[in-house]
Amino acid sequence: MARERTNDQMPDWSNYRGVLVFVEQRNGIAKNVSWQLLGAGKKLADKLDVSLMALVVGDQVEHLAREAVYYGADKVFLCEGPELKDYRTRPYSRITLKLIEEIKPEICLFGATATGRDLAGAIATHLPTGLTADTTELDVEPHPSRLLLASRPAFSEKMMATILCKQYRPQMATARAGVFQALPRDPGRQGEIVRIDNPMSEDQIAAKVVEFIEQRGGVNLEDAEIIVAGGRGLGGPEPFKMLQELADALGGVVGASRACVDAGWIKHEHQVGQTGCTVRPKLYFAIGISGAVQHTVGMSNSEVIVAINKDPNAPIFQIAHYGIVGDLFTIVPAITREVKKRRAAKLDPTAAFRA
Amino acid sequence: MLHIVVCIKQVPDSREIRIDPNTNTLIRQGVPSIVNFYDLHGLEEALRIKDQHGARITVVTMGPPPAEKSLKECISLGADEAVLVTDRKFAGADTLATSYVLAKTIQKVEQEWGPADIVFCGKQTLDGDTGQVGPGIACRLNLEQLTYVGKVVRVDPEARRVRVHRYLEDGIEVVETSMPVLITALKELNEVRRASLPGMIRAARYKPVTWTTADFPDIEVSKIGLKGSPTIVAKTWVPEARKIEGEMISGDTPEQIAEQLTAKLWESDLAEKLGWI
Ligand SMILES: Cc1cc2nc3c(=O)[nH]c(=O)nc-3n(C[C@H](O)[C@H](O)[C@H](O)COP(=O)(O)OP(=O)(O)OC[C@H]3O[C@@H](n4cnc5c(N)ncnc54)[C@H](O)[C@@H]3O)c2cc1C
Ligand SMILES: Nc1ncnc2c1ncn2[C@@H]1O[C@H](COP(=O)(O)O)[C@@H](O)[C@H]1O
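Residues numbered from 1 in each chain as written. Chains lettered and ligands numbered in written order. Predicted model: local features only at pLDDT ≥ 70, side-chain atom pairs only at ≥ 80, totals over all residues. Heavy atoms only, no water.

## Some points on the overall build of chain A
Applicable threshold: Runs of H or I in DSSP of at least four residues are treated as helices and runs of E of at least two as strands, each being numbered from the N terminus. For the radius of gyration, the atom set is restricted to C-alpha positions; the globular benchmark scales as 2.2 Å times the number of residues to the power 0.38. Two residues form a contact once any of their heavy atoms are found within 4.5 Å. Accessibility throughout is a Shrake-Rupley quantity obtained with a 1.4 Å probe, and a residue counts as covered only by protein chains that appear here. His is not counted, nor are the chain ends, whereas Lys and Arg count as positive and Asp and Glu as negative. By convention, the point assigned to a charge is CZ for Arg, NZ for Lys, CD for Glu and CG for Asp.
A count of helical and extended segments in chain A gives 9 helices and 19 strands. Here chain A has a C-alpha radius of gyration of 23 Å; the compact-globule value for 355 residues is 20 Å, and the two agree. Counting contacts in chain A only where the partners sit at least 6 residues apart, residues at least 24 apart contribute 63% of the total. When the accessible area of chain A is evaluated, it comes to approximately 14900 Å², of which 49% is carbon and sulfur surface. One finds the centroid of the 42 positive side-chain charges in chain A at a distance of 3 Å from the centroid of its 42 negative side-chain charges.

## Some remarks on the sheet that holds strand β13 (residues 192-195) of chain A
Residue and element names in this part refer to chain A. Cut-off, in case you're wondering: For two strands to be treated as a pair, DSSP must find at least two bridges joining them. Convention adopted: a line fitted to C-alpha atoms gives each axis, helices being fitted over their contacting stretch, and angles between N-to-C directions are expressed from 0 to 180 degrees.
Pairing in this open sheet of 7 strands is parallel, and the strands run β8-β12-β7-β2-β5-β6-β13 from one edge to the other. Of all the strands in the sheet, the pair left with one neighbour each is β8 (131-135) and β13. Taken over all neighbouring pairs, the strand axes of this sheet differ in orientation by 20 degrees on average, direction set aside. Here strand β5 (residues 52-58) runs beside strand β6 (residues 75-80); their pairing, made up of 6 bridges, is parallel. Each residue of the ladder has a partner; that of Gly 58, found in β6, is Glu 80. Taken strand by strand, helix α2 (residues 62-70) contacts β5, β6 and β13, and its axis lies near 165 degrees from that of β6.

## Focus on the packing of aromatic side chains
Residues and elements named next belong to chain A. Applicable threshold: By convention, a stacked pair of Phe, Tyr or Trp rings (six-membered ring in the case of Trp) has centres within 6.5 Å and planes under 30 degrees apart, an edge-to-face pair has planes over 60 apart, and any other such pair is tilted. Throughout, exposure labels follow a simple rule: accessible area from a 1.4 Å probe, protein chains only, divided by the maximum for the residue type, with under 20% read as buried, over 50% as exposed, and the rest as partly exposed.
As enumerated under the stated definition, the model contains 8 aromatic pairs over all chains in all. With a centroid separation of 4.7 Å and an interplanar angle of 10 degrees, the aromatic rings of Trp 35 and Tyr 71 are classed as stacked. With a gap of 36 residues between them, Trp 35 in helix α1 (residues 32-48) and Tyr 71 in the loop between α2 and β6 connect regions that are remote in the sequence. Accessibility expressed as a relative area gives 8% for Trp 35, which makes it buried. One aromatic cluster in this structure is built from Phe 22, Tyr 87, Tyr 92 and Phe 110.

## Section: the site of ligand 2
Residues and elements named next belong to chain B. Put simply, the test is: Think of it this way: one heavy atom of a residue within 4 Å of a molecule or strand is enough to make that residue near it. Polar contact is defined as a pair of N or O atoms within 3.5 Å, subject to the rule that within protein one atom must be able to donate a hydrogen and the other to accept it, and that residues adjacent in sequence are counted only when both atoms are side-chain atoms.
The immediate surroundings of ligand 2 are formed by 19 residues, with Cys 7, Asp 39, Met 62, Thr 130 and Gly 131 found nearest. Within the backbone of Gly 131, a nitrogen or oxygen atom sits 2.8 Å from an oxygen atom of ligand 2. Within the backbone of Gln 132, an N or O atom sits 2.9 Å from an oxygen atom of ligand 2. About the coverage of ligand 2: the protein hides 97% of its 480 Å² of free accessible area. Sorting the residues of the shell around ligand 2 by element identifies β6 (55-62), α3 (95-113) and β8 (118-122) as the ones contributing at least two each. Considering each element in turn, the shell around ligand 2 owes the most residues, 3 residues, to β6.

## Focus: the environment of Leu 197 of chain B
Mapping Leu 197 of chain B onto the fold places it in helix α5 (residues 197-205). Sequence spacing of Leu 197 of chain B and Ile 183 of chain B is 14 residues, and the spatial spacing of their C-alpha atoms is 29 Å.

## Here's the deal with the site of ligand 1
All names here are of chain A. In the region of ligand 1, 25 residues are neighbours, and Arg 232, Ser 257, Thr 275, Ser 290 and Asn 309 sit closest. Within the contact set of ligand 1, an oxygen atom lies 3.0 Å away from a backbone nitrogen or oxygen of Gly 288. At 2.8 Å, a side-chain N or O of His 295 approaches an oxygen atom of ligand 1. Those elements giving two or more residues to the shell around ligand 1 turn out to be α6 (258-262), α7 (293-296) and α8 (328-347).

## Observations regarding the domain arrangement of chain A
All names here are of chain A. Just so we agree on the cut-off: The source of the domain bounds is an automatic or database domain assignment. The term buried area means the drop in 1.4 Å probe accessible area that two parts suffer when joined, counted for both and summed. We define a salt bridge as a side-chain nitrogen of Lys or Arg found within 4 Å of a carboxyl oxygen belonging to Asp or Glu. Under the scheme applied, nonpolar residues are Ala, Val, Leu, Ile, Met, Phe, Trp, Tyr, Cys and Pro; charged residues are Asp, Glu, Lys and Arg; polar residues are all the others, including Gly.
Domain annotation for chain A reports domain 1 (19-204) and domain 2 (221-354). Summed over both sides, the interface of domain 1 with domain 2 buries roughly 500 Å², with 40% coming from carbon and sulfur. The three residues of domain 1 that bury the most area against domain 2 are Glu 157, Ala 177 and Gly 178, which together make up 53% of that side's buried surface. Taken together, the connections running from domain 1 to domain 2 amount to 0 salt bridges. In terms of residue class, the side of domain 1 that touches domain 2 is made up of 2 nonpolar, 3 polar and 2 charged.

Next comes the structure, spelled out in structure tokens:
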């Protein structure tokens, strides 16, 4: 990242217009981050008064092109073929590059996932243009500058930096999963779907995907919208079952402090914090966690934090939106029961009266 | 014999960087410089390939002269040659300008010591934290690209194929491709060895090969350093420690507490965002 230059004139970019979002998928199922990016892209496109475009690449993925429209795209480019079933850098970057050169979007967004980073890194070099990694805030300056204000955490999340790309187009960014808000899916929405060709055939592609070993058992804390995390206050591995029940009732996943991981109560993949995962779910339960800074750096950006601790002076209460002083062993099961009741009431509104 | 190039970067250990609460600036003083740890896993994998098949390993870095220390560390671990590319004109480079210089460097390394079969980079750096330099180099040198590699299953020097496991968010992808290839390393790839005594002795005497812009007659100055960097840091700030008007929830029984908490959550805008109502 370079420092700001002075007195630079911006070239004429009037032939670059519109916002393009790359839709990531596996086996015909889109990654949530793709719809979140369409949500973010829509705001930028509206502010610039241009259209929001999406690119869908894969094998038998026409339905995703329609989904992209439901999630806000005005125009979707669709490239299908059996050789495009799995993501591979060469064909995918060739297709994306060719499209960018043809339609000249002013902004291109990719998920900050392994695939999105792999693809965007190759394309930005080829074009060439600037690419901002891992953004968590996106905005644009209005016409005439139309600059993308891409902001991202720096120095292990301790600082934020806003990055601009003045001298090149398109302006590219990868954006973190779980940060931006998808628009509500609207199956009545209309949009244009344009088919494009794949310029590469199988024999021109050296890389072969031999196998994909899906890891369903693994937790995906980074993408989780709800995390129910436990600390040393749980006292052992058993009570994590109780946390799992609350997580299941809410549709979330279980996290943990390092103290529990070190004690061997739960696997490291559940650990939140400096030496674990950095998360920003919409809802975070800190249960029997004191709130050491090494833990809170990994979760303090959660939208809503609920803390349950028997010690009223526990530091976790300083960052909690809702604090409960009390014994977790009685409070957590009570919350689980209440959550189940409320969610059942949504599915069957009369249930509330019968409960 | 295989020729493996490993790209390493000396970085401040950003985990140790703190913010001065009064000035809101980074306290860099006393922050140790280390070899970006993902890069060490790349070097370790290169050393394992060398142990198994025989290989020549060249380590390269672009950075200020003190980065020599990191190169010596790589020599002590078993690298054959180390190259420091250093010049004021390279300063201020973003990932695009960095990958340009590193690609030029690797080409020059190839002229000196033969074509590279495998290039290792780290998954990302602790300071830049982008993971973009690896794909950038692969693109410029027209290498095959395997990112987020957590395991090298097989390197076949005869068939010139490599098979790896890429660790993705939702699982492991087993993928095979041809050399020359650029691989970006995760920490799951291996356990980094300790330097041997002969290695340390060699490192103490070793002087890294040093190149400046003068050693690259065809380098385009418009593509290096600050000038060659499309991205500009317009502003930095310290996110405000959130001041939360936290609300304590109390009640006589756990049921009362649970009822109150869920009522608050269901009344907030969370409920709609999470599809509860
Ligand atoms: C270099 C370094 C890196 C680290 N990285 C991490 C990291 O990534 N993640 C991390 O989490 N930590 C990390 N730590 C450790 C961190 O400093 C703390 O030690 C750890 O977070 C404490 O975990 P805890 O809150 O579960 O345990 P404790 O601090 O022991 O807190 C337990 C809490 O449970 C409460 N409690 C007990 N019984 C009950 C009950 N019945 N009902 C309600 N409340 C109860 C207690 O009042 C107490 O507040 C790191 C430390 C270092 C030095
Ligand atoms: N200045 C540099 N010199 C050598 N290698 C580098 C340099 N910058 C980045 N790299 C390599 O590229 C990887 C990714 O870096 P980054 O894109 O900055 O996250 C690092 O892990 C290194 O292997």
